[in-house]
2 protein chains.
Amino acid sequence: MEGSSLIEDVLVTPLAIISTPGGCVMHAMKGSSVGYSGFGEAYFSQIEYGTIRAWKRHKEMVLNLTVPVGKIRFVLFDDRSVSNRQFQEVIISEDHYCRLTVPPMIWVGFQGMHKGNSMLLNIANIEHSPSEIDRKDVDSIEFNWGYSD
Amino acid sequence: MEGSSLIEDVLVTPLAIISTPGGCVMHAMKGSSVGYSGFGEAYFSQIEYGTIRAWKRHKEMVLNLTVPVGKIRFVLFDDRSVSNRQFQEVIISEDHYCRLTVPPMIWVGFQGMHKGNSMLLNIANIEHSPSEIDRKDVDSIEFNWGYSD
């Protein structure tokens, strides 16, 4: 998936997991990282197996998403250009550990793909503000979420 | 524990966990948060049950530690003043969900207190650099780590 972003300004950046006795260190983001555009807020979201959270679009926030626990499927939908509407799917887990950078104005949905809770960390360039978020019902953008792992 | 920091410049800041259907949102840090002193790097450390990682002292890094998974005991030891050497212990889990801010020049150790892996997130003001880290063997600062939960 790395280096093959379909949607302009979306980045998928591989991250290191460093094994040490008694537990590992997992990189998330540096101030010098590709995709970093300032620090506004960091927060976690838990998601249960099979649960879908869709769709949300940020008008200003740049998302930088990692998944330190479990496995999450992110689905991005770009309708910025009517002539070039497209989806991009990125699955992040320990086995494919990376950071997903999402620019503003992209519709984002995600789904828990791990039998148990999964967790994402979002390192965002601005603080949470309901006024910069657009929402749509899950069914309003056609996508086959399925349940396959 | 909140508001009762024993060591100067150490902060224990309660954080919100917001329940939503299918998973919760857990705050970690905002750019406007108490204890924020710039963004250098964010990384996760996993730690197994009972495992102790001690002692490490950062000469420049300010640590901002949260525990989104499991339960971790942090032990801080301040020997900046010979006449006023002291320990501070902070246990962080979902049940006591907070952010621990540690200024430079404090010895830090931590231990996994959850039967399974625990995980911390450190949001640090500088990027990781081995040259600003001092280390001591676990036995070189006397502390009863025990194993009790």
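Whatever comes next refers back to the structure up there.
As the structure is a prediction and not an experimental result, all values here were calculated from the model.

Participant: Pulling in residues and values, what's your account of the interface of chain A and chain B?
Facilitator: The interface is formed by 30 residues belonging to chain A together with 30 residues belonging to chain B. Where the side of chain A that touches chain B is concerned, the elements lending two or more residues are β3 (23–30), β4 (41–47), β6 (63–69) and β11 (118–124) of chain A. Here the element with the most residues in the side of chain A that touches chain B is β3 of chain A; it accounts for eight residues. In the side of chain A that touches chain B, the residues fall into 15 nonpolar, ten polar and five charged. Here β3 of chain A pairs with strand β4 (residues 41–47) of chain B via five bridges, running antiparallel. Looking across to β4 of chain B, one finds that H27 of chain A is bridged to Y43 of chain B.

Participant: An account of the sheet that holds strand β7 (residues 71–78) of chain A is needed here, citing residue identities and associated values.
Facilitator: Residue and element names in this part refer to chain A. Taken in spatial order, the five strands line up as β8-β7-β10-β5-β12 in an open sheet, and their pairing is antiparallel. Two strands close off the open sheet at either side, each with one partner strand: β8 (86–93) and β12 (133–135). Neighbouring strand axes in the sheet, compared pairwise and without regard to direction, differ in orientation by 25 degrees on average.

Participant: Describe in detail the nonpolar core, supporting the description with residues and values.
Facilitator: The biggest cluster of nonpolar side chains holds 66 residues, and the ones touching the most others in it are F74 of chain A together with F74 of chain B. Not counting chain neighbours up to four residues away, the residues in contact with F74 of chain A comprise L65, V90, I92, L100, V108 and F110 of chain A.

Participant: Run through the relation of the copies chain A and chain B, naming residues and quoting values.
Facilitator: Its rotation angle being 180 degrees, the transformation that places chain A on chain B also includes 0.0 Å of axial translation and leaves an RMSD of 0.0 Å. The transformation relating the two chain copies, once decomposed into turn and shift, fits a two-fold axis. When C-alpha positions in chain A are compared against the rotation axis, the closest is assigned to F39 of chain A, at 3.3 Å. Looking at the interface residues of chain A, 100% of them are also at the interface in chain B, so both copies use one shared face.

Calculation notes
- The numbering scheme is per chain: residues are counted from 1 as the chain's sequence reads.
- Naming scheme: in the order in which they are written, chains are lettered from A and ligands are numbered from 1.
- Per-residue local features of the predicted model are confined to residues with pLDDT of at least 70, and side-chain atom pairs are confined, for both listing and counting, to 80 or more; whole-chain, interface and lining totals are unaffected and use all residues.
- Residues are defined as contacting one another if the C-beta atoms placed from their backbone atoms lie within 7 Å.
- Only runs of H or I of at least four residues qualify as helices and only runs of E of at least two qualify as strands under DSSP, and these elements are numbered from the N terminus.
- Residue polarity is assigned by list, with Asp, Glu, Lys and Arg as charged and Ala, Val, Leu, Ile, Met, Phe, Trp, Tyr, Cys and Pro as nonpolar; anything else, Gly included, falls into the polar class.
- Should DSSP find at least two bridges between two strands, the strands are regarded as paired.
- Axis definition: a line fitted to C-alpha atoms, limited for helices to the stretch in contact. Angles are taken between N-to-C directions and run from 0 to 180 degrees.
- By definition, a nonpolar core groups buried Ala, Val, Leu, Ile, Met, Phe, Trp, Tyr and Cys residues that are joined through C-beta atoms within 7 Å.
- A residue is called partly exposed when the number of other C-beta atoms within 10 Å of its own lies between 12 and 20, exposed at 12 or fewer, and buried at 20 or more, with C-beta atoms placed from the backbone.
- When the copies are superposed, the least-squares fit draws on C-alpha atoms of residues that have pLDDT of at least 70 in both.

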